[in-house]
Amino acid sequence: MAQEKSKSLKELALEAGIAMETALEAVRKTGKYDTVMLNIPVFGERLEFYQQVISGIAPETAPETEQSAEKKTDSTSPVQPRKPKLSKQQQKQKEIFKTKEFLKQCTEKNYLIIIDTCSILGKGTIDGKLYFSFPLFMKYAESVLKASGKKIIVPYIVREEMRRQIENKPGTEEAERSTRMLAVIEKWEQKDCLQIVGGEEDWNHDYSPHADNFLFNKISEFKDCGQNTLLITQDGGLAGDVRNIMNLQHYGHKKSIKAEIVVRKLDIVTGVLRKPKLKKQQNKR
């Protein structure tokens, strides 16, 4: 029995094209898919290619389909070993390292590093044990600050907010937290890693009773003077407003002056720096 001569790609393309046209014509007339369409091995992405083969403007080699490409990749690519999963302690050490490296970059670019009240007072718990994020952060930052000669800035108005909580809410959790964190501020002041900046004139300004408006306006001034600033705050609204300073083109802001404003928050348990979720401004400042 004589062997049947194999058909060329051009012949196959011609047959497939006729089958496609027949099937499509049936769809156009009836609005339903004819079963012949399910038996056509060349359709969709290959249709244009076969039309090119028939007209003689494409080489007689079939295009690689997604399925064949996947098989090719699977058969030729070496199996990548999975990276070992880090333990909780290893992950924590990695995040601490990233925080230190980020602070180092900020000090090299001469950033002012300012911390807000809510980040100083932030706390969390693990297995019932209470953690304050601010003392942990200062512990991580110490080596970077001493190497660079930079200091974490606590605005005077931020410290006064905490003092007034002690005076106005004696015996409350807020007063207890403020008492403990004021002691931490004093400790790092003595270590020459932290500095109180400002004075009573800041508190008596229109910004009271909260530090948010004061910080927003001060950072705006720093930007206009070309001063890079890192603000550490848990307040998503303030974070969003401060980041938006970079986009202001009016109200006297000097867009031509190049200055960077970066916002981070403290993880309430580990004390490492993280990017905050920015919120839209609710009220005009």
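Check the entry above for the structure.
In this text the structure is predicted, and so the values were computed from the model without any measurement.

Enquirer: Could you give an account of the overall build of the protein chain, with specific residues and numbers?
Expert: In terms of helices and strands, the protein chain carries 11 helices and eight strands. Restricting to contacts in the protein chain with at least 6 residues of sequence separation, those with at least 24 account for 68%. A total of about 18600 Å² of accessible surface is found on the protein chain, and carbon and sulfur atoms cover 50% of it.

Enquirer: For the pairing of strand β4 (residues 152-155), give the residues involved together with the corresponding values.
Expert: Burial along β4 is two-sided: the face carrying Ile152 and Val154 and the face carrying Ile153 and Pro155 are both buried. As defined by bridge partners, β4 adjoins strand β5 (residues 194-197) across four bridges and the pair is classed as parallel. Following the sheet pairing, Ile153 is matched in β5 by Gln195.

Enquirer: Explain the packing of helix α7 (residues 156-168) against helix α8 (residues 173-190) to me, using residue names and the numbers behind them.
Expert: Orientation of α7 relative to α8, taken along the N-to-C sense of each, is 140°, at an axis distance of 8 Å. On the basis of the axis angle, α7 is oblique to α8. Crossing geometry of α7 relative to α8 is assigned as left-handed. Seen from α7, the contacting residues are Arg159, Met162, Arg163, Gln165 and Ile166; seen from α8, they are Glu174, Ala175, Ser178, Thr179, Met181, Leu182 and Ile185. Looking at the contact of α7 with α8 residue by residue, the class counts come to six nonpolar, three polar and three charged.

Enquirer: Any chance you could break down helix α10 (residues 212-224) for me, citing the residues and the numbers?
Expert: Taking 1.5 Å of rise per residue, the 13 residues of α10 would be expected to cover 18 Å, and the 19 Å separating its terminal C-alpha atoms lies within 8% of that figure. Residues of α10 that are buried include every one of Phe214, Leu215, Phe216, Ile219, Ser220, Lys223 and Asp224, and no others. Immediately beyond the C-terminal end of α10, within one or two residues, lies Gly226, with a positive phi of roughly 80°.

Enquirer: If you had to explain the nonpolar core to someone new, which residues and values would you point to?
Expert: Ranked by size, the top nonpolar core spans 48 residues in total, and within it Ile120, Phe134, Phe137, Met138, Ile185, Leu230 and Val242 carry the most contacts. Ranked by the residues each element gives to this core, the list is headed by helix α6 (residues 133-148), at six residues. In this structure Phe134 touches Ile115, Ser119, Ile120, Met181, Val184, Ile185, Leu194 and Leu266, once residues within four positions along its chain are discounted.

Enquirer: Help me get a handle on unusual backbone geometry, residues and values and all.
Expert: Its identity as a non-glycine residue notwithstanding, Asn110 has a phi of 60°, on the positive side. You can see Asn110 is positioned in the loop between α4 (88-108) and β1 (112-115). Here Asn110 falls in the partly exposed class, since its relative accessible area comes to 40%. Within the chain, Asp192 stands out as a residue other than glycine whose phi angle is a positive 65°. Mapped onto the fold, Asp192 is located in the loop between α8 and β5.

Enquirer: Kindly report on α7, identifying the contributing residues and their values.
Expert: Since the α-helix advances by 3.6 residues per turn, residues separated by three or four positions end up pointing in the same direction. Over its 13 residues, α7 extends 18 Å from the first C-alpha to the last, a length consistent with the 18 Å expected when each residue adds 1.5 Å. Of all the positions in α7, only Tyr156, Ile157, Val158, Arg159, Glu160, Glu161 and Met162 are classed as buried.

Enquirer: Before we move on, could you go through the environment of Gln227 and cite the residues and values that matter?
Expert: If you trace the backbone, Gln227 turns up in the loop between α10 and β6 (229-232). Between the C-alpha atoms of Gln227 and Glu260, which are 33 residues apart in sequence, the distance is 7.4 Å. Look past the residues within four positions of Gln227 in its chain and what remains in contact with it is Asn110, Tyr111, Leu112, Phe222, Ala259 and Glu260. Of note is the side chain of Gln227, whose polar atom sits 2.8 Å from the backbone oxygen of Asn110.

Enquirer: Please provide a residue-by-residue account of the pattern of salt bridges, values included.
Expert: Note that side chains of opposite charge can pair when their charged atoms are close. For the structure shown, the criterion picks out nine salt bridges. Residues Asp192 and Lys151 are paired through a salt bridge, measuring 2.9 Å at the closest nitrogen-oxygen approach. Of this pair, Asp192 sits in the loop between α8 and β5 while Lys151 is found in the loop between α6 and β4, placing the two residues 41 residues apart along the sequence. Asp192 gets classed as partly exposed once you look at its relative accessible area, which sits at 48%. Across the salt bridge formed by Arg177 and Glu173, the nearest N and O atoms sit 4.0 Å from each other. With Arg177 and Glu173 both in helix α8, this residue pair falls four residues apart, about one helical turn. With relative accessibility at 41%, the residue Glu173 sits in the partly exposed group.

Reading the values: rules and limits
Residues numbered from 1 in each chain as written. Predicted model: local features only at pLDDT ≥ 70, side-chain atom pairs only at ≥ 80, totals over all residues. Heavy atoms only, no water. Helix = DSSP H or I, 4+ residues; strand = E, 2+ residues; numbered from the N terminus. Contact = heavy atoms within 4.5 Å. Areas by Shrake-Rupley, 256 points an atom, 1.4 Å probe, with all protein chains shown as cover. Buried < 20%, exposed > 50% of the residue type's maximum accessible area, 1.4 Å probe, protein only. Pairing = 2+ DSSP bridges. Axes fitted to C-alpha atoms, helices over the stretch in contact; angles between N-to-C directions. Parallel < 35°, antiparallel > 145°, perpendicular 65-115°, else oblique. Left-handed = near helix turned anticlockwise from the far one by under 90°. Nonpolar A, V, L, I, M, F, W, Y, C, P; charged D, E, K, R; others polar. Expected span 1.5 Å × (residues − 1). Core = buried A, V, L, I, M, F, W, Y, C linked by side-chain atoms within 4.5 Å. Polar contact = N/O pair within 3.5 Å; in protein donor to acceptor, adjacent residues only side chain to side chain. Salt bridge = Lys/Arg side-chain N within 4 Å of Asp/Glu carboxyl O.

Without other data, these values stay purely geometric and don't point to any function.
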